[in-house]
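For reference, the chains in residue letters:
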Amino acid sequence: MNRTKLPFSTAPYILFLLLFPGTILYYVATTNGLIPALITGYFGKTSAAALAILAPLYLWTTLRTGRIAVIDLTYFGFLLFFLCIVIFNKEEESYIFTWHMVSIAQCAAVFLICKGAFRVNRLPGLALKTAWIASSACILIFTVDGRFSLRELPSDVDKIPGYQTFALCYLLLSVVLVTGVRSLPTRCIAHAVAIACLYINGARSEFVAYALFAATYEFLSSKNKGLPILALIIVAAGSVATISSGIVEIPDSRVANLLDLQHDNSSNERSRIASEGLNKIMESPILGSYGKYEKGEYIHNILSAWNDLGLFGFLFILIISIGPAAKLGINIALGRAQTNREISAFSILAVTIVLLLVGKYFTYLLLPAALGLYSSSNLKIEDN
């Protein structure tokens with residue numbers, strides 16, 4: 001991979017703060033009447049503004065240096081292929097066209113934001129620490145029946161994002177924060193707070209994602225590999241014993257349903273949709289069946305790419321997700337990649353692949369975020 005210099009990091013860092021912790025803090029403030037609701041669709045408009053700012057700067061840098069990282073080229077190539085499929089299959093008044101066009105723009109924005117923000121030399125920085133503490137406090141304080149659910153608060157704010165958007169924002173914020181923390185005790189506190197917040201939020205995928213990220217990151221970061229495993233066993237056993245004893249009352253959450261997926265309606269419904277989607281793929285395995293499903297009835301795993309983009313699109317996204325993780329994993333195993341940024345990038349990439357395999361649509365924004373972190377971890381880090 002080309003090791004190119006990127007002459008910006010401050011702008012993406014600011015945009016990272018505005019987009020991820022900013023989404024949480026903005027909606028907490030507006031739904032509680034602390035500030036007026038100035039923007040409708042804050043996440044979408046902020047990501048669009050970020051793309052408008054960063055895309056020309058990235059293009060100028062690429063043209064000036066004549067270099068582009070392999071992962072950048074392949075991921076933008078995938079988005080271009082995806083765009084062609086969407087335009088070719090456009091239908092009048094189709095919600096799928098709008099949905100996918102927005103998804104493409106947001107994927108590009110998140111990739112550029114994370115690629116640039118991860119290069120700030122002195123992470124996590126006071127602004128990031130403050131944003132994480134404030135976001136964590138908001139999730140823990142502004143709850144309804146023990147759940148962070150802003151939509152259930154009495155408010156005149158329109159189009160409040162769902163819990164999954166807030167969970168993704170908080171997950172990425174926590175990942176970047178932890179990556180820059182060198183003190184193990186401090187990281188352990190951050191892990192505990194993050195897991196508690198994601199449990200209260202109720203997004204199961206992001207809860208599992210952060211738990212797996214923390215376990216992988218600490219295992220790879222530790223010189224004594226037995227200590228993280230022992231700590232994990234102690235924490236898991238202690239948590240189960242505490243909850244079972246009733247000493248500590250844990251608020252209800254969708255996360256708890258992970259222990260009984262057989263009787264979980266959401267899990268059963270996704271299984272039905274996946275089965276129907278697989279039948280459609282088999283009917284047209286090469287070209288796929290773009291948009292041939294009712295609203296919300298898309299396959300909730302990586303096979304969604306096969307259904308919408310055909311076999312080539314499916315193989316394309318497999319390569320751009322598994323390839324970087326495999327390369328970075330091999331380098332870590334051989335001792336050629338040992339920085340906290342490289343370990344963090346591998347950990348979040350591995351977690352993203354797991355989520356795509358078991359429960360996320362192929363436009364899930366954790367993928368461009370993880371690829372952006374990976375691309376940044378392969379660049380030379382310089383002072384701003």
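For the structure itself, consult the block above.
What comes next concerns the included structure. Please read these numbers as outputs of a predicted model, since none were measured by experiment. (Residues numbered from 1 in each chain as written. Predicted model: local features only at pLDDT ≥ 70, side-chain atom pairs only at ≥ 80, totals over all residues. Heavy atoms only, no water.)

### Points about the overall build of the protein chain
- For the protein chain, the helix and strand inventory stands at 13 helices and zero strands.
- Counting all 384 residues of the protein chain, 49% fall into the buried class.
- Sequence-distant contacts, at least 24 apart, represent 77% of the contacts inside the protein chain between residues at least 6 apart. (Helix = DSSP H or I, 4+ residues; strand = E, 2+ residues; numbered from the N terminus. Buried < 20%, exposed > 50% of the residue type's maximum accessible area, 1.4 Å probe, protein only. Contact = heavy atoms within 4.5 Å.)

### Topic: a nonpolar patch on the surface
- A cluster of nonpolar side chains, contributed by Leu212, Val354, Leu357 and Val358, occupies part of the molecular surface with about 350 Å² of accessible area.
- Among the elements that take part in the nonpolar patch, helix H12 (residues 340-358) stands out by supplying three residues, more than any other.
- The residue leucine 357 is located in helix H12 in this model. (Patch = residues over 30% accessible without salt bridge, like charges linked within 9 Å, V, L, I, M, F, W, Y side chains within 5 Å. Areas by Shrake-Rupley, 256 points an atom, 1.4 Å probe, with all protein chains shown as cover. Salt bridge = Lys/Arg side-chain N within 4 Å of Asp/Glu carboxyl O.)

### Quick word on the side chain of threonine 31
- Among the secondary structure elements, threonine 31 is positioned in helix H1 (residues 10-31).
- Reaching out from threonine 31, the side chain makes a polar contact with the backbone oxygen of tyrosine 27 at a distance of 2.6 Å.
- In contact with threonine 31, not counting residues within four places along its chain, are Leu150, Leu153, Pro154, Ser155, Val157 and Ile160. (Polar contact = N/O pair within 3.5 Å; in protein donor to acceptor, adjacent residues only side chain to side chain.)

### Quick notes on the nonpolar core
- In this structure, Phe16, Phe20, Phe78 and Tyr210 are the most contacted members of the largest nonpolar core, which totals 111 residues.
- Per-element accounting of this core gives the leading share, twelve residues, to helix H6 (residues 163-179).
- Contacts of phenylalanine 78, omitting those with residues within four sequence positions, involve Leu309, Gly313, Phe316, Ile317, Ile320 and Phe362. (Core = buried A, V, L, I, M, F, W, Y, C linked by side-chain atoms within 4.5 Å.)

### Here's the deal with the pattern of salt bridges
- Inspection of every chain in the model, using the stated rule, returns six salt bridges.
- One salt bridge connects glutamate 276 with arginine 272, and the closest N-O pair in it is separated by 2.8 Å. In this pair, glutamate 276 and arginine 272 both sit in helix H10 (residues 265-283), four residues apart, roughly one turn of the helix.
- Relative accessible area serves as the criterion here: at 36%, glutamate 276 is assigned to the partly exposed category.
- Put simply, arginine 272 and glutamate 297 hold a salt bridge, and the shortest N to O gap is 2.9 Å. One end of the pair, arginine 272, is in helix H10; the other, glutamate 297, is in the loop between H10 and helix H11 (303-333), with 25 residues separating them in the sequence.
- By relative accessible area, which is 31% here, arginine 272 ends up partly exposed.
- Via salt bridges that share partners, Arg272, Glu276 and Glu297 belong to a single interconnected network.

### Notes on helix H2 (residues 42-65)
- For H2, which comprises 24 residues, the first-to-last C-alpha distance of 34 Å matches the rise-based estimate of 34 Å (1.5 Å per residue) to within 8%.
- Along H2, the largest kink reaches about 25° and is centred on leucine 54; proline proline 56 follows within four residues of it.
- Those residues of H2 not exposed but buried are Tyr42, Phe43, Thr46, Ser47, Ala50, Leu54, Tyr58, Thr61 and Thr62.
- For H2, the secondary structure elements touched by its buried residues are H1, helix H3 (70-88), helix H4 (95-117) and H6.
- One or two steps after H2, the chain reaches glycine 66, where phi turns positive at roughly 70°. (Expected span 1.5 Å × (residues − 1). Bend = angle between axes of the 7 residues up to and from the residue.)

### What about the packing of H4 against helix H13 (residues 366-377)?
- The geometry of H4 relative to H13 is characterised by a closest axis approach of 7 Å and an angle of 35° between their N-to-C directions. Like other packed secondary-structure pairs, H4 and H13 cross with a definite hand, here right-handed. Each of Cys107, Val110, Phe111, Cys114 and Lys115 in H4 lies in contact with H13, whose residues at this interface are Pro368, Ala369, Leu371, Gly372, Leu373, Ser375 and Ser376.
- Split into classes, the residues belonging to the contact of H4 with H13 amount to eight nonpolar, three polar and one charged. (Axes fitted to C-alpha atoms, helices over the stretch in contact; angles between N-to-C directions. Left-handed = near helix turned anticlockwise from the far one by under 90°. Nonpolar A, V, L, I, M, F, W, Y, C, P; charged D, E, K, R; others polar.)

### Re the side chain of serine 375
- Along the chain, serine 375 turns up in helix H13.
- Among the polar contacts made by the side chain of serine 375, one reaches the side chain of lysine 115 at a distance of 2.5 Å.

### Points about the environment of glycine 291
- Counting through the fold element by element, glycine 291 comes out in the loop between H10 and H11.
- Residue glycine 291 is classed as buried on the basis of its relative accessible area of 18%.
- Glycine 291 sits 196 residues away from tyrosine 95 along the chain, and the two C-alpha atoms are 9.8 Å apart.
- Apart from the residues within four sequence positions on either side, glycine 291 is in contact with Ile96 and Asp308.

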